[in-house]
Amino acid sequence: MARLNKCRAPLISPFSLLALLVLSPKVSGWGHEGHCIVANIAYSRLTPDVQDAVDAILSYNVSDAELVYGHDGKYDPLNTSPLAAVANWADKVRFTTEYHWSFPLHFVDVRDDGKCPCTRNVGEYGDMMNDNDDEAQSCTIHSSCRFVYDRDCTKDFCAVGGIANYTSRLVTNFHPSSAADGGFLDPMLRGNQAHSPDRKKWPAKEALMFLTHFVGDIHQPLHSSRGSDRGGNSIHVHFNNGPKSDKRSYDARTGLIQKKGVYSLHSVWDDGIIDVSIQSIYNSSQVGFQNSVMDLVRDAEVSGLIDTWLHCSDGLSKQCPSLWAEESFEDALRWAYSDEHGLEVLDGAELSDDYFATRLHVVRRRLGAAGVRLGAVLENALGQKQGAVTNPKLAEMLTSLQKPMLLLS
């Protein structure tokens, strides 16, 4: 992977962070930074042969000016891999006429009928980091507060179905032995290909770009969450000094601007927590934040947590992305919808500095898991590697064993 560059940005006092918080018009997933980080982690974990396959699919070579400087020519310190350069493509096209049909593939709405609160008293910060206690998971044991594929992913149109579909399309449309020629086979795929310089290459490229984004999306807790509040988009919250800020938030489902000083809970998890940490903890360095997530991945390798992340890593099987969705739903109930005192975050609530401080741990963990799993999905799909969990019965068994393991960190 290309060497990361330091982001040159002015330092911002942590005392004015919440008033200056930048929430730009991003409409899905983790926002630009989060998706780039997931993509960079994934690319760094690929074998050289699979990196070559990714480069061939994306028609990438080391002289591409788009890398690091992006489509608009502006310096972007996180565009340090071919995957990062396309990680946000799915967000950019989802409101276009051509790709509006892809809108439901970015999230999972769990049908909850407004009956999935999480209001346990989480106690002090140290107690909140203990993800193994039974009480921590008590809010999700009710059968109606779970992701159910047949109910919540009608006709396969949700993030879980999107991951399985585009993993399959990537395998179908790329042949490892023909990587030198781009490795592209079947030119038929939903969506207009007229803008592609080579129509035959578009199916695999489109599949890879969608897959890179959707694996990131499904690990954002509020992208697999309560349908009753549209993944937190219907819950409007204030930050400290928010009414004095000129920054605006966008509804992730409609793209419409929110009122001044008001943000959706969803946008807080898309961008807000990441932005605050970049500015206050990492001296406004996006690379510094990314390095902290990569450090977490290295720690997970030492602790064995990474084995938990990878024990079900087959993108072709709906069972594995379903488990990832269930993890996110549990994190949404426990961390996103509940404040630092264990009380439900209601419409009009003001989120405190402690809310951000105690949720950063979850955001970094989910970004790390997403990157590791995306790498495994691509390695299995493009490298024809063995070892991913593909047996549905085994995946079903893992589902029953998953509950004590999901929230390890």
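Residues numbered from 1 in each chain as written. Predicted model: local features only at pLDDT ≥ 70, side-chain atom pairs only at ≥ 80, totals over all residues. Heavy atoms only, no water.

Caption draft 1: Up close: the overall build of the protein chain. When helices and strands are counted, the protein chain shows 16 helices and 5 strands. Relative to its 409 residues, the protein chain shows a buried fraction of 58%. On the protein chain, roughly 16,800 Å² of surface is accessible, and the fraction owed to carbon and sulfur atoms is 54%. (Helix = DSSP H or I, 4+ residues; strand = E, 2+ residues; numbered from the N terminus. Buried < 20%, exposed > 50% of the residue type's maximum accessible area, 1.4 Å probe, protein only. Areas by Shrake-Rupley, 256 points an atom, 1.4 Å probe, with all protein chains shown as cover.)

Caption draft 2: Layout of helix α15 (residues 353–383). Across its 31 residues, α15 extends 44 Å between first and last C-alpha, which sits within 8% of the 45 Å expected from 1.5 Å per residue. Arg 359 marks the point of greatest bend in α15, at about 35°. Most of α15 sits inside the fold, with 27 of its 31 residues counted as buried. Its side-chain oxygen at 3.3 Å from the backbone nitrogen of Asp 354, Ser 352 defines the N-terminal cap of α15. (Expected span 1.5 Å × (residues − 1). Bend = angle between axes of the 7 residues up to and from the residue. Polar contact = N/O pair within 3.5 Å; in protein donor to acceptor, adjacent residues only side chain to side chain.)

Caption draft 3: The environment of Arg 366, seen in detail. With respect to the element layout, Arg 366 can be found in helix α15. Separated by 39 residues in sequence, Arg 366 and Glu 327 place their C-alpha atoms 9.3 Å apart. The contacts of Arg 366, once residues within four sequence positions are left out, are Trp 30, Ile 218, His 219, Pro 221, Trp 324, Glu 327, Ser 328, Asp 331 and Arg 373. (Contact = heavy atoms within 4.5 Å.)

Caption draft 4: Structural detail: the nonpolar core. In terms of nonpolar packing, the biggest core is built from 98 residues, with Leu 83, Leu 170, Leu 265, Trp 269, Phe 289 and Trp 309 touching the most fellow members. With 14 residues, α15 is the single largest residue contributor to this core. Apart from residues no more than four positions distant in its own chain, Trp 269 is found in contact with Trp 30, Gln 220, Pro 221, Leu 222, Trp 335, Ala 336, Tyr 355, Arg 359, Val 362 and Val 363. (Core = buried A, V, L, I, M, F, W, Y, C linked by side-chain atoms within 4.5 Å.)

Caption draft 5: Expanded view of helix α3 (residues 48–57). For α3, a buried count of 7 out of 10 residues is recorded, marking the element as mostly surrounded by other parts of the structure. For α3, the set of buried residues is Val 50, Gln 51, Ala 53, Val 54, Asp 55, Ala 56 and Ile 57. The inward-facing, buried residues of α3 abut α2 (31–44), α5 (82–86), α9 (159–173), α10 (202–218) and α15. Within two residues after α3, Ser 59 carries a phi angle of roughly 55°, on the positive side.

Caption draft 6: Quick peek at the packing of aromatic side chains. Taken as a whole and judged by the stated rule, the model has 13 aromatic pairs. Measuring from ring centre to ring centre gives 6.2 Å for Phe 147 and Tyr 149, while their planes differ by 80°; the resulting arrangement is edge-to-face. When its relative accessible area of 10% is taken as the criterion, Phe 147 is described as buried. Tyr 149 gets classed as buried once you look at its relative accessible area, which sits at 14%. Their ring planes at 15° and their centres at 5.2 Å tell us that Phe 210 and Phe 214 sit as a pair that is stacked. Of this pair, Phe 210 and Phe 214 both sit in helix α10, separated by 4 residues, roughly a single helical turn. Each member of the pair, Phe 210 as well as Phe 214, carries the same accessibility label: buried. The rings of Trp 89, Tyr 99, Trp 101, Tyr 166, Trp 202, Phe 210 and Phe 214 are connected pair by pair, giving a single aromatic cluster. If you follow Arg 169 out to its NZ or CZ, it ends over the ring of Tyr 166, 5.8 Å from the centre. The positively charged end of Arg 226 is found above the aromatic ring belonging to Tyr 337, 3.6 Å away from the centroid. (Phe/Tyr/Trp six-rings, centres within 6.5 Å; stacked < 30°, edge-to-face > 60°. Lys NZ or Arg CZ within 6 Å of the ring centre and 35° of its normal.)

Caption draft 7: Inspection of the state of the cysteines at higher detail. Tallying each qualifying case throughout the model produces 2 disulfides. Disulfide pairing is shown between Cys 153 and Cys 158; the S-S distance is 2.1 Å. Disulfide Cys 153 to Cys 158: torsion about the S-S bond roughly -100°, handedness left-handed. One exposure class covers both Cys 153 and Cys 158, and it is buried. Each sulfur of the disulfide joining Cys 312 and Cys 320 lies 2.0 Å from the other. As the torsion about the S-S bond is roughly -85°, the Cys 312-Cys 320 disulfide counts as left-handed. Just as Cys 312 is buried, Cys 320 falls in that class too. (Disulfide = S-S within 2.5 Å.)

Caption draft 8: Representation of the confidence of the model for the protein chain within the structure. Across the protein chain, the average pLDDT comes to 76, with 64% of residues at or above 70. The model gives residues 119–141 a pLDDT under 50, and that stretch makes 58 contacts with residues more than four places away or in other chains. Below a pLDDT of 50 lies the segment residues 178–197, which in the model reaches 47 contacts outside its immediate sequence neighbourhood of four places, other chains included. (pLDDT = per-residue confidence, 0-100.)

Caption draft 9: Structural view of the packing of helix α14 (residues 319–336) against α15. Relative to each other, α14 and α15 sit at 175°, their axes nearing to 11 Å. In this view, α14 runs roughly antiparallel relative to α15, as classed from their interaxial angle. Residues Trp 324, Glu 327, Ser 328, Asp 331, Arg 334, Trp 335 and Ala 336 of α14 form the contact with α15, whose own contacting residues are Tyr 355, Thr 358, Arg 359, Val 362, Arg 365, Arg 366, Arg 373 and Val 377. Residues that form the contact of α14 with α15 fall into these classes: 6 nonpolar, 2 polar and 7 charged. (Axes fitted to C-alpha atoms, helices over the stretch in contact; angles between N-to-C directions. Parallel < 35°, antiparallel > 145°, perpendicular 65-115°, else oblique. Nonpolar A, V, L, I, M, F, W, Y, C, P; charged D, E, K, R; others polar.)

Caption draft 10: Seen up close, the pattern of salt bridges. Counted according to the given criterion, the structure contains 11 salt bridges. Linking Glu 301 and Arg 45 is a salt bridge whose minimum nitrogen-to-oxygen distance equals 2.9 Å. Residue Glu 301 is found in helix α12 (residues 286–303), and its partner Arg 45 is found in the loop between α2 and α3; the two are separated by 256 residues along the sequence. Assessed through its relative accessible area of 42%, Glu 301 is described here as partly exposed. With relative accessibility at 31%, the residue Arg 45 sits in the partly exposed group. In this structure, Asp 156 and Lys 318 form a salt bridge, with 3.1 Å as the shortest nitrogen-oxygen distance. In this pair, Asp 156 is assigned in the loop between α8 (149–152) and α9 and Lys 318 in the loop between α13 (305–310) and α14, connecting sequence segments 162 residues apart. Judged by its relative accessible area of 34%, Asp 156 falls in the partly exposed class. By relative accessible area, Lys 318 is classed as partly exposed at 35%. Among the ionic contacts, a cluster of salt bridges with common partners joins Glu 327, Asp 331, Arg 365, Arg 366 and Arg 373. (Salt bridge = Lys/Arg side-chain N within 4 Å of Asp/Glu carboxyl O.)

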